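Residue-level structure breakdown
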Amino acid sequence: AVVRVERDGVGDSDGPHCTDLDFEAELAGYRAGLDWVVEQSWAAPLPVLFGHSLGGMIAPLLAPAGTRGIAVFGAGVGRLRDILLGTARRRAELVGMTGAALGVFVASIETVVDRVVVEGVSPAELYAERPELPAVASQWYAGDRVFGRVAAFYRQLEQRDLVSAWREVRVPVLALHGSADWVASAPDTARIAALAGEAARS
């Protein structure tokens, strides 16, 4: 049996739209879904979790609730700040940005991520202070939103220690990576397998 847990306000899920929820609220929804599956008589005693992209970052946080394995695809690991900067650099390189232009772009994105995701300043407040920054990030960081979601979602995820979460996983782990994936890196996938220990492979 396969059970897909949808975000609040998406598909068959009730509640406010997921773009208005913070990370802790979304995590609680996935945890409730896992708890529900565990209680069903037709389901295996312990499920195998599959997480794609952000779901792969959430999977190790759910593992203690009761699983017999985890598979993730295209998942980052480490501080969200570093994951976002790596993604921005890889995308810029793919579209042909090099040299000084690439350096200026990455430095600008680093300022935005540090101020908004790490320090908690809203994009609107940051752009009022640094009007030159919207040219490189306004499509992703605007008003009180980051990638269309409330900025609090990313601030809370930044505070999560995903490295420690993977180290505490005690079930088999399969970490997968697409060769053309620029959002998550191949080294991230290998690092997940290394952190999860002897029962993991990538």
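Residues numbered from 1 in each chain as written. Predicted model: local features only at pLDDT ≥ 70, side-chain atom pairs only at ≥ 80, totals over all residues. Heavy atoms only, no water.

Along the backbone of the protein there are 9 helices and 7 strands. In terms of overall dimensions, the protein is globule-like: its C-alpha atoms have a radius of gyration of 18 Å, near the 17 Å expected for 202 residues. Counting only C-alpha atoms, the protein reaches 60 × 35 × 25 Å along its principal axes. Pairs at least 24 apart in sequence give 59% of the contacts found in the protein among residues at least 6 apart. With an accessible surface of roughly 10,400 Å², the protein has 54% of that area assigned to carbon and sulfur atoms. Positive and negative charge centroids in the protein, built from 19 and 25 side chains respectively, lie 5 Å apart. (Helix = DSSP H or I, 4+ residues; strand = E, 2+ residues; numbered from the N terminus. Rg over C-alpha atoms; globule rule 2.2 N^0.38 Å. Contact = heavy atoms within 4.5 Å. Areas by Shrake-Rupley, 256 points an atom, 1.4 Å probe, with all protein chains shown as cover. Lys, Arg positive; Asp, Glu negative; His and termini not counted. Charge placed at Lys NZ, Arg CZ, Asp CG, Glu CD.)

Once that is clear, we can look at the sheet that holds strand S1 (residues 48-52). One open sheet accounts for 4 strands, arranged S1-S2-S6-S7; its pairing is parallel. Since the sheet does not close on itself, it has two edges, and those belong to S1 and strand S7 (200-201), each with one partner. Alignment of S1 against strand S2 (residues 69-73), held across 5 bridges, turns out to be parallel. Opposite Leu49, over in S2, you have Ile70 as the bridge partner. Relative to the sheet, helix H2 (residues 54-62) contacts S1 and S2, its axis offset from that of S1 by approximately 145°. Packing of helix H9 (residues 186-196) onto the sheet brings it into contact with S2, strand S6 (173-176) and S7, and relative to S6 it is tilted by some 170°. (Pairing = 2+ DSSP bridges. Axes fitted to C-alpha atoms, helices over the stretch in contact; angles between N-to-C directions.)

To summarise the sheet geometry, strands pair through backbone hydrogen bonds and adopt either a parallel or an antiparallel arrangement. The antiparallel open sheet is built from 3 strands, whose spatial order is S3-S4-S5. Here the strands that pair on one side only, and so sit at the sheet edges, are strand S3 (141-142) and strand S5 (149-150). In the sheet, strand S4 (residues 145-146) pairs with S5 via 2 bridges, with the strands oriented antiparallel. Counted as the bridge partner of Val146 is Arg149 from S5.

By the element assignment, Pro172 lies in the loop between helix H8 (162-167) and S6. Counting along the chain gives 27 residues from Pro172 to Ala199, while the straight-line C-alpha distance between them is 4.5 Å. Once you skip the residues sitting within four places of it in the chain, Pro172 turns out to touch Arg68, Gly69, Ile70 and Ala199.

Turning next to the environment of Leu195. Locating Leu195 in the fold gives a position in helix H9. As for Leu195 and Val163, which are separated by 32 residues in sequence, their C-alpha atoms are 7.2 Å apart. Excluding its chain neighbours within four sequence positions, the residues that come into contact with Leu195 are Val77, Val163, Trp166 and Arg167.

What follows deals with the packing of helix H3 (residues 80-94) against helix H4 (residues 99-118). A pair of packed helices can be characterised by two numbers: the angle between their axes and the separation between those axes. The contact between H3 and H4 brings their axes to 10 Å, and the two run at 155°. If you check the angle between H3 and H4, you find them roughly antiparallel. For the pair H3 and H4, the crossing hand works out as right-handed. On the side of H3, the interface is formed by Leu80, Arg81, Leu84, Leu85, Ala88, Arg89, Ala92 and Glu93, while H4 contributes Leu102, Phe105, Val106, Ile109, Glu110, Val113, Asp114, Val117 and Val118. Residues that form the contact of H3 with H4 fall into these classes: 12 nonpolar, no polar and 5 charged. (Parallel < 35°, antiparallel > 145°, perpendicular 65-115°, else oblique. Left-handed = near helix turned anticlockwise from the far one by under 90°. Nonpolar A, V, L, I, M, F, W, Y, C, P; charged D, E, K, R; others polar.)

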